[in-house]
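Reading the structure
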Amino acid sequence: MEQKHPLPPFTLETALEKIQMAEDAWNSQDPEKVSKAYTIDSEWRNRDTFVNGRENIVVFLHKKWEKELHYHLKKEYWAHTDNRIAVRFEYEYQTKDGDWFRAYGNENWEFDENGLMAKRYASINDLAIKEEDRKFR
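In this report, we go over the structure that sits alongside the text. Note that the coordinates shown come from a computational prediction; the quantities given were computed from them, not determined experimentally. (Residues numbered from 1 in each chain as written. Predicted model: local features only at pLDDT ≥ 70, side-chain atom pairs only at ≥ 80, totals over all residues. Heavy atoms only, no water.)

Quick word on the nonpolar core
Cut-off, in case you're wondering: Nonpolar core, defined: a set of buried Ala, Val, Leu, Ile, Met, Phe, Trp, Tyr and Cys residues in which side-chain atoms within 4.5 Å join the residues together. The rule is simple: take the accessible area with a 1.4 Å probe, protein chains only, and divide by the maximum for that residue type; under 20% is buried, over 50% is exposed, in between is partly exposed. Helix and strand definitions follow DSSP, with helices as H or I runs of at least four residues and strands as E runs of at least two, each counted in order from the N terminus. Residue contacts are defined here by distance: any two heavy atoms, one from each residue, within 4.5 Å place the two residues in contact.
Residues Trp26, Trp44, Leu61, Ile85, Tyr91 and Trp109 are the most contacted members of the largest nonpolar core, which totals 27 residues. Listing elements by their share of this core, those giving two or more residues are helix H1 (12-28), strand S1 (38-46), helix H3 (54-67), strand S3 (69-80), strand S4 (84-94), strand S5 (100-111) and strand S6 (117-129). Once residues lying within four places of it in the same chain are set aside, the contact partners of Trp109 are Ile19, Ala22, Lys75, Asn83, Arg84, Ile85, Val87, Met117, Lys119 and Arg120.

As structure tokens, this is what we get:
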């Protein structure tokens, strides 16, 4: 059976570990690698887009990182319970036109008993920034 440690129920320490693992995976910009943290039938809401299943997650992420260049993400712990973690995050990216943006948001995650994320709900807002105002380099 496929598992992704740490497994629920989460402690503060294991929730922080899970968050760091997610941040590292997303910063790799490798859709296949990222998708392995999710259940085969994982449900997402990302902004106004609904994505279901690991295969669709891979497609979604390929499209995302084709548009969001020089992507860099930072996630921060917000709260957790037995099998849920909430984070706030910000990331920066550049468009093909050369414009820079910082995206802010919150995510709510729900995990199955094998430590795979079954549900991910992300609310995200973008802010245009100047290149000299970037936080992440």
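Quick look at unusual backbone geometry
Cis geometry is adopted by the peptide bond preceding Pro6, which originates at His5 and carries an omega value of 0°. You can see Pro6 is positioned in the segment before H1. In the segment running from Pro8 into Pro9, the intervening peptide bond is cis, with an omega of 5°. In this model, Gln29 sits at a positive phi of 55°, which is unusual for a non-glycine residue. Positionally, Gln29 belongs in the loop between H1 and helix H2 (31-35). Positive phi is not limited to glycine here, since Arg47 has a value of about 60°. Its place among the elements puts Arg47 in the loop between S1 and strand S2 (49-52). Classification of Arg47 as partly exposed rests on a relative accessible area of 24%.

A look at the packing of aromatic side chains
What counts here: Any two of the Phe, Tyr and Trp rings considered here, Trp counted by its six-membered ring, make a pair once their centres fall within 6.5 Å; the pair's planes then place it as stacked at under 30 degrees, edge-to-face at over 60, or tilted in between. Two conditions define a charge located above a ring, namely a distance within 6 Å from the ring centre to NZ of Lys or CZ of Arg, and an angle within 35 degrees of the ring normal.
Tallied over the entire structure, the rule returns 11 aromatic pairs. Seen in terms of ring centroids, Trp26 and Trp65 are 5.7 Å apart; in terms of plane orientation they differ by 80°. Their pairing is edge-to-face. Here Trp65 lies in helix H3 and Trp26 lies in helix H1, a separation of 39 residues in the sequence. Each member of the pair Trp26 and Trp65 is classed as buried. Between Tyr91 and Tyr93 the ring centres are 5.8 Å apart and the planes differ by 35°, which places this aromatic pair in the tilted class. There is no split in this pair, since Tyr91 and Tyr93 are both buried. Through a chain of ring-to-ring contacts, the aromatic side chains of Trp26, Tyr38, Trp44, Phe60, Trp65, Tyr71, Phe89, Tyr91, Tyr93 and Phe101 assemble into a single cluster. Taking the ring centre of Phe89 as reference, the NZ or CZ of Lys75 above it sits at 5.3 Å. It is Arg120 that lies over the ring of Trp44; its NZ or CZ is 4.3 Å from the centre.

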